[in-house]
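Observations on the model geometry
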Amino acid sequence: MSAARDVIAVFGATGYTGRLVAEELHRCGAPLLLAGRDRARLAALAKSLGGAEVLVARVDEPHSLDRLAARARVLVNCVGPFVDLGEPVVRAAIAGGAHYVDTTGEQPFVQAMQVHDSWARTQGVAVVPALAFEIALADCAAALAARGLDVVERVQITYATRLHASQGTKRSALRMLQEGGCAFVDGAWVAEPPGLHLAQVEVPPRGRVAALSFPGAEVITVPRHVGARTVRTFMSMPGLTARVLSAGAAWLPVLARSPLGTLATGWLGAGTEGPDAATRRRDGFDLVVEAHGSRAGMAVSRRLVLHGRDPYGLTAAIIRQGALWLAAGEARAHGVLAPALAFDPQRLLDGLAADGVSIA
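Bear in mind the structure is a predicted one, so any value in this text is a computation, not a measurement. (Residues numbered from 1 in each chain as written. Predicted model: local features only at pLDDT ≥ 70, side-chain atom pairs only at ≥ 80, totals over all residues. Heavy atoms only, no water.)

On to the overall build of the protein chain, then. Each helix and strand counted, the protein chain has 17 helices and 16 strands in total. Looking at the protein chain as a whole, 55% of its 360 residues are labelled buried. At a minimum sequence separation of 6, the contacts of the protein chain that also span at least 24 residues come to 73%. For the protein chain, the accessible area works out to roughly 14700 Å², and carbon and sulfur atoms hold 55% of it. (Helix = DSSP H or I, 4+ residues; strand = E, 2+ residues; numbered from the N terminus. Buried < 20%, exposed > 50% of the residue type's maximum accessible area, 1.4 Å probe, protein only. Contact = heavy atoms within 4.5 Å. Areas by Shrake-Rupley, 256 points an atom, 1.4 Å probe, with all protein chains shown as cover.)

So, about empty space enclosed by the protein. Evaluation of the coordinates by the stated rule reveals 2 cavities of 30 Å³ or more. Its volume calculated, the largest cavity comes out at about 60 Å³. In this structure, the largest cavity is lined by C182, A183, E192, P193, P194, S213, F214, P215, V219, R232 and T233. Broken down by secondary-structure element, the contributors of at least two residues to the lining of the largest cavity are β8 (182–185), β11 (207–214) and β12 (228–236). (1 Å grid on protein atoms, 1.4 Å probe; cavity = no way out; pocket = protein on both sides within 12 Å on 5 of 7 lines; lining within 4 Å. Points joined across faces, edges and corners; volume = space filled by probe spheres on them.)

The volume enclosed by the second largest pocket comes to roughly 250 Å³. As for the second largest pocket, its lining consists of 15 residues, and the residues nearest its centre are E24, R280, D310, G313 and L314. Taken together, the residues of the lining of the second largest pocket break down into 6 nonpolar, 1 polar and 8 charged. (Nonpolar A, V, L, I, M, F, W, Y, C, P; charged D, E, K, R; others polar.)

Take S213: it is sitting in strand β11. Of note is the side chain of S213, whose polar atom sits 3.3 Å from the backbone nitrogen of L196. Non-local contacts of S213, meaning those with residues more than four positions away in its chain, are made with E192, P194, G195, L196, H197, T233 and F234. (Polar contact = N/O pair within 3.5 Å; in protein donor to acceptor, adjacent residues only side chain to side chain.)

What follows is about helix α3 (residues 62–71). Taken together, the buried positions of α3 are occupied by S64, L65, L68 and A69. Projected down its long axis, α3 shows its buried positions confined to an angular sector of 135°, all on one face. Residues of α3 that are buried sit in contact with β1 (7–11), β2 (32–36), β3 (53–56), β4 (72–77) and α5 (87–96). (Arc of directions from axis to C-beta.)

Compared with an ideal rise of 1.5 Å per residue, which puts 12 residues at 16 Å, helix α1 (residues 16–27) spans 17 Å between its outermost C-alpha atoms and is within 8% of the ideal. Taken together, the buried positions of α1 are occupied by Y16, T17, G18, L20, V21, A22, E24 and L25. If you follow the buried residues of α1, they end up packed against β1, β2, α2 (39–48), β4, α14 (277–282) and α15 (311–327). (Expected span 1.5 Å × (residues − 1).)

According to the stated counting rule, one finds 7 aromatic pairs in the structure shown. Ring centres 5.7 Å apart and planes at 45° place the aromatic pair F82 and F109 in the tilted group. Here the residue F82 occupies a position in helix α4 (residues 82–85), and F109 occupies one in helix α6 (residues 107–112), the gap between them amounting to 27 residues. In this structure F82 comes out as buried when scored by relative accessible area, which is 4%. Members of the aromatic cluster, connected to one another through ring pairs, are F133, Y159, F214 and F285. (Phe/Tyr/Trp six-rings, centres within 6.5 Å; stacked < 30°, edge-to-face > 60°.)

And the structure:
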């Protein structure tokens, strides 16, 4: 690629997560191109960062996305909900020969983008959806937990979070409920409503917690590189809430698609506002990743426990690391990739220690 394409482009740079990503990349000295719908807001952000190129681009204007991809070595997409808005950006990146990463946690989108795998490999680019706090950490931890096992029967991922969600995150979560979801069971993806399974999980230092299954995108990414027969993701919540939601699991997608879901979408509005810096620093997570299987005919179970703070700031740090590696030509493969296929999983997790991630 020419020197004119050495920039890392952040699409949706003036949104809540996009701004954090742009600020993180600026701090490490990456050459930036800020893109989005509003030139004035882009110019204001560029000024606050000491100067950066800006480019107006919109999802509903394909030529603008083509111009964006033609300028970028790496295209970072922060515009969601991705299931509605993400594919045109992926297609523009592949067609333009730009590596692509995004911040989605939306299972249907990650699954749908697998159709572009062969095209991305032909173009010599890496497309890495879900390079964010949710998905990337667990995907890499699952790869490590399963190492050395001859057979992996089951991977279970459990999140226990303290998170003040942005409006964009809430809209994406509602969109996921409306779309439904799946689990990976006995070697195949099967439709499964959120909350169908209730588990009791030991989550240090919290102790034993109730957790409900939900359609995490790890269900799509982990089977790409771990030969597990079954993969499910869980989210901890208060015991009574978990029992009530589990009892009504079949109705959750129906309610999300009903007029109540439409009202909720309207109530959330079009903004992307999220927690301020002080609140973000108080937010945190504990993540338990378990691999159950066998080695040399003996049953083996392994678990990794990850702890961290500020999930939104951590997402920006994960994007920073992945985008810099892609810009430096350090992708492990080309195609549509799980995070643990695009990058060495141990290296990615170790590299986040300075950003507050610890592993036990």
